[in-house]
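Coordinate inspection notes
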Amino acid sequence: MIGKPVGIWGTGMYVPERVLSNAELEKMVDTNDEWIVTRTGIKERRIASAEQASSDLAYHASVEALANAGITAEDLDLIIVATITPDMAFPSTSCILQDKLGAKKAAAFDLSAACSGFIYGLANAANFIATGIYKHVLVVGTECLSKITDYTDRNTCILFGDGAGAVVLGEVEEGRGFRSFELGADGSGGPLLTAAGGGSRNPISQEVLESKKQFIYMAGKEVFKFAVKIMGSAGEEALRKAGLDKTDIDLLVPHQANFRIIQSSLERLSLPEDKCMINLNKYGNMSAASIPVALAEANKEGRIKPGDTLLLVGFGGGLTWGATVLVW
Ligand code: ACO
């Protein structure tokens, strides 16, 4: 990384109270707990209430991250929100969050890179601080995927959950912080994972609603193959750019999409399971929120110590991918 050393000052997370279990899903679609657990590793997920939108989840996670970082909302120079389930088309969820937090001097923008969005957000934030443009940046991954999930489609409804994770970034001492970023995209794979209704291509209409284009469509097998390949290669590339090796990793924080995808990443990186943060059993896939929630939970559980080397790696719709190596 060029410029000032940048790291994470504080982490926060929030998940809605309502738990949706596999047993409940058994009553909604033709599935069963055994299939879901063996194919995905997911046991339950959280679901936002009818009143809750992504900015509400983001607010709680941000308040915790600010407290953990020891700064106030008024200290923030910039807020970046990664989400594919914004409160509305505009204003941006980051502007809504800025107002809720009272972060009066912060600029704010949203970023859309699906499940890789949080890593894309970190890369943006780190550059603003490394170049001296800003001092304190809040990066949030927040999703209410339940609001764009078709609960009659067993291929997708078992996978997704709602939640938010947040981090505060600032300058850190030499030798700490972000060492590398590896970001990528392959737009030709876009149709494999999409919610095509409601935008300027397919504005909301009776026809769009009847064809269920407002909901997530996923070609599961193809996405699975892409994920297995890219999680390994993006992780290895981030390590190479950082001048580090697989053996240097103290904790892997992967996107929480499917336990089998995480397992294959562990094999590729020759890492034991205890060097990996896994919480998808409790929360399912929360897209942009998965990595920051896993990071915040690992931090809360005392699994990260000063000087530890972390690898964060994710993939998602776009198709996109992102990985970063940082020293805590
Ligand atoms: N319960 C029971 N059976 C099911 C279910 C279910 N919930 N879902 C599918 N099946 C059936 C299928 O219909 C299929 O039956 P068939 O052989 O008679 O056609 C059978 O189970 C096997 O289906 P596969 O698709 O082969 O199952 P697979 O092992 O690929 O697992 C899964 C499916 C879990 C979706 C997997 O492909 C996966 O995890 N893909 C990646 C998803 C992902 O990571 N998305 C991340 C991005 S999300 C984002 O960016 C918003």
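Heads up: the structure comes first, above all this text.
Now for a look at the structure at hand. (Residues numbered from 1 in each chain as written. Predicted model: local features only at pLDDT ≥ 70, side-chain atom pairs only at ≥ 80, totals over all residues. Heavy atoms only, no water.)

Strand order in the open sheet formed by five strands is β1-β7-β6-β4-β5, with mixed pairing between adjacent strands. Of all the strands in the sheet, just β1 (6-14) and β5 (107-111) have a single pairing partner and so form its edges. Taken pair by pair, the neighbouring strands of this sheet meet at an average axis angle of 20 degrees, ignoring direction. One ladder, built from five bridges, connects strand β4 (residues 78-82) with strand β6 (residues 137-144); its direction is parallel. Each bridged residue has a counterpart across the sheet, and for Val-81 the counterpart in β6 is Val-140. (Pairing = 2+ DSSP bridges. Helix = DSSP H or I, 4+ residues; strand = E, 2+ residues; numbered from the N terminus. Axes fitted to C-alpha atoms, helices over the stretch in contact; angles between N-to-C directions.)

Our focus in this paragraph is the site of the ligand. Near the ligand, the surroundings consist of 27 residues, among which Thr-31, Arg-39, Cys-115, Lys-221 and Asn-258 are the closest. Contact between the ligand and Gly-220: a nitrogen atom at 3.1 Å from a main-chain N or O atom of the residue. The backbone of Gly-317 places a nitrogen or oxygen atom 3.2 Å from an oxygen atom of the ligand. Here the ligand, which alone exposes 1,000 Å², has 77% of that area covered by the protein. When contributions to the shell around the ligand are tallied by element, the ones reaching two or more residues are α2 (33-40), α6 (154-157), α8 (220-242), α9 (259-268) and β12 (309-316). Top element by residues in the shell around the ligand is α8. It accounts for four residues. Of the residues belonging to the shell around the ligand, the class tally is 13 nonpolar, nine polar and five charged. A domain split of the shell around the ligand shows at least three residues from each of domain 1 (6-175) and domain 2 (178-327). (Near = heavy atom within 4 Å. Polar contact = N/O pair within 3.5 Å; in protein donor to acceptor, adjacent residues only side chain to side chain. Areas by Shrake-Rupley, 256 points an atom, 1.4 Å probe, with all protein chains shown as cover. Nonpolar A, V, L, I, M, F, W, Y, C, P; charged D, E, K, R; others polar. Domains from an automatic or database assignment.)

With that settled, consider the pattern of salt bridges. Inspection of the entire model under this criterion finds twelve salt bridges. The salt bridge partner of Arg-268 is Glu-236, with a shortest N-O separation of 3.2 Å. With a gap of 32 residues between them, Arg-268 in helix α9 and Glu-236 in helix α8 connect regions that are remote in the sequence. If you follow the salt bridges from partner to partner, you end up with Glu-236, Lys-246 and Arg-268 in one network. (Salt bridge = Lys/Arg side-chain N within 4 Å of Asp/Glu carboxyl O.)

Shape is all these values report; function is a separate question.
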